[in-house]
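Observations on the model geometry
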Amino acid sequence: MMFCIALLSVLQANDLAEEHSDIASEGEAEEEIVVYKEPSMYDNLLKTLGSGSESLANVYKRRQREEEGKSDTDEDADIGSESLSASEEEDDGSDNENPESPSEGSYLRDSGSASITELKEDEGSDDDDRASDMDEEHDLRVNGVITDEDSVSTSSFNDHLGYKLSKGEADNILKRKLKYKWELPAFEMLNCKWIGTGERLQKDADVSSSYDIKPKLYKHWLDMYTSSGGSDFNLSKQRSFFSLCNSYRDILHHNKKPFYLKGREEDSSIMDAYLVHSLNHILRTRDIVTKNDTKVSKHQENAKEDITNSDSFLDHGFTRPKVLILLPMASIAFRVVKRLIHLTPSTHKVNIEHLDRFSNEFGTGGVEDKEEEGDAEISKSQKSSKPSDFQALFSGNNNDHFMIGIKFNRRSIKLYSDFYSSDMIVASPLGLITKIGEAEAVKEKDVDYLSSIEVLIIDHADVIAMQNWSHVNTVVEQLNRIPSNQHGTDIMRVRQWYLDGQAQFYRQTIILGSYLNPDINALFNHHCLNYRGKVKLACEYKGVLPKVLLQVRQVYERFESESIVDADNARLEYFSKKVFPKIKDSIQGGTMIFISSYFEFVRVRNFLKSQDASFCLLGEYTKQSDISRARVWFFQGKRKIMLYTERAHFYHRYKIRGIQNLIIYSLPERKEFYPEIVNMLEGSHSMACSVLFSRFDQLRLERIVGSAPAKRMTTSEKGVFVFS
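Residues numbered from 1 in each chain as written. Predicted model: local features only at pLDDT ≥ 70, side-chain atom pairs only at ≥ 80, totals over all residues. Heavy atoms only, no water.

The 11 strands lie next to each other as S1-S2-S11-S3-S10-S9-S4-S8-S6-S7-S5, forming an open sheet whose pairing is mixed. The strands lining the two open edges of the sheet, one partner per strand, are strand S1 (182-185) and strand S5 (351-353). Ignoring strand direction, the axes of neighbouring strands in this sheet form an average angle of 15°. In terms of strand pairing, S5 meets strand S7 (residues 412-415) through 3 bridges, oriented parallel. From the neighbouring strand, Ile352 faces S7, where its bridge partner is Ile413. (Pairing = 2+ DSSP bridges. Helix = DSSP H or I, 4+ residues; strand = E, 2+ residues; numbered from the N terminus. Axes fitted to C-alpha atoms, helices over the stretch in contact; angles between N-to-C directions.)

With that settled, consider a positive patch on the surface. There is a patch of like positive charges on the surface, built from Lys257, Lys262, Lys547 and Lys671. Lys257 gets classed as partly exposed once you look at its relative accessible area, which sits at 41%. (Patch = residues over 30% accessible without salt bridge, like charges linked within 9 Å, V, L, I, M, F, W, Y side chains within 5 Å. Areas by Shrake-Rupley, 256 points an atom, 1.4 Å probe, with all protein chains shown as cover. Salt bridge = Lys/Arg side-chain N within 4 Å of Asp/Glu carboxyl O. Lys, Arg positive; Asp, Glu negative; His and termini not counted. Charge placed at Lys NZ, Arg CZ, Asp CG, Glu CD. Buried < 20%, exposed > 50% of the residue type's maximum accessible area, 1.4 Å probe, protein only.)

We now examine the sheet that holds strand S15 (residues 641-645). The strand order across the open sheet formed by 7 strands is S14-S15-S13-S16-S17-S12-S18, and the pairing between neighbours is mixed. Looking at which strands have only one partner, the edges of the open sheet turn out to be strand S14 (615-618) and strand S18 (720-723). Shown here is a sheet whose adjacent strand axes are inclined to one another by a mean of 20°, direction ignored. Pairing between S14 and S15: 4 bridges, direction parallel. Each bridged residue has a counterpart across the sheet, and for Phe615 the counterpart in S15 is Ile641. Helix H25 (residues 567-585) contacts strand S12 (553-558), strand S13 (591-595), S15, strand S16 (661-664) and strand S17 (688-693) of the sheet and is inclined by roughly 160° relative to S17. In the packing of helix H26 (residues 598-610) onto the sheet, the strands contacted are S13, S14 and S15, and the crossing angle to S15 comes to about 165°. (Contact = heavy atoms within 4.5 Å.)

Take a look at the structure:
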């Protein structure tokens, strides 16, 4: 059954504040004589669903009587109990016999019904294993390791999801005026520190023997760390970053050394930490649901009353998927998912479904992970023409359009599971954008599986920024919305903050990359609204100027701009009035203009056209035949100017010959590109390089010249600075 249009309008209206106010004041209203009370979101949800479900209708009536101060009659209780039993019988019938029968199961589309059937079958097959698992955890507790039963009341998972957010707290978060008021040293990064909002994190927040991880998962992780040659797990990078993840705060780590820049150990450590955190979240979620399912099945006669009166049974989201990992390329997804499988305890992966298919579609065709062979497998022809980081990043499957669901059963892992029955979704932004577009175009399709994401991880954000960061913004805006269909969810067990439209405040977002730009910063500032607070890295940079091997006179020219909105216009105006006249009057050719943004590239191209300048183009959308022709013309002097974009350099790493004069119209986002571009002046007679910048280029500038010089250059009264 579709959610009614009226319900959606209630849940998505702009008057959320008024409705939250009603919820907050509910306790006070019970002590007064109230003539009329505006229904809460939860009331509206029960009322709307009640029109198609007798059991839910009875629950809504009971809730009304409770708020009016009336007691339930025995007749009401009997009716409610009979309704619940009837509903359960209908569900069983729809799952096993007739999935299209007019029961609550018919709310689902066909694929959704199949997913619910599959889920129940899995749970049934797991019942036999439950006792042995309990015995294993008991043995761990005897040996001194804290188990779930011991730590359930103190785990970060329960503390985070069990917190009741008030209307005032939600309003303060939406004002986005939180200040970073504390700092901690960053592990093994002397030039960086963590700064955060909210309560101060302790340096060693997790002091228990298992660091708040499920015992089997912790033991397996520790064994893997030891077998790989690790000495002291307590002092490891992965343990340190896991503690940060386990705080359930939003995290922005923008100085991660990626595997393709000789940072394989650091990259793998951080990946292990967030994968174990994701696994821990998924397994704890399943444990709570399974525990409550067992209680309900054993006490069916009291189930209705217990569910409606106890918060302990509120353990569901609108849909099953709880973790979303966004990655830029299939080769990186292959690396992440294979590591996820390795980190999963052996008892949970007796069977791994569709592993061969996954290896063929995401990897190089073999099941074994070839990652550790590294650069040794790169062909000699590539070695002679491309830098090592390019080889490491692009030597695998470069597909940027993918999406895969992963389901964790008690004894198996299923790859390519239906999204609605998955626990985790691994996707590229483009893959998800396609699904979102299909849902907008076709009425029968939807992306409601994004409605209950509780942990969002964006890894290699710097690579995604080279693709199209706007896709990430669109995906994040789609998260945690009220779904358009019920998808077989037991509404009576959905957590209250989901029903109140507060899921975005409980979602943890972890953004990982090698640099920070305004787009990534804007997403973190405006779309990461975790009530627990935020933690991000603050770094001092040394710069990359020493990596310029040639004796090049690098002249930095600052142009003035009053706001970031006017910066693009001010840059073009400075170029057209101060820089271009020198190029136009010069007889010498060989001028390359390096441009970071495609939009800037288009503006400069149009300007050069208007000036009838002799130029050629080398951009990310230029055809290969045109690129070859442009490089030859530029080298032979048939074209005086070449426009070259950062994205074209990222994807191709061309070495341009014939450069006599280099103009960096806008600094590259990736600091390693700066010395590469400047070193292309080898063979030039003038060895001249001009760089345009403004005070709004602070993030890029400090990565290239260093934090201290960048600060001086953006605040000094002088506007020209020379490095040689």
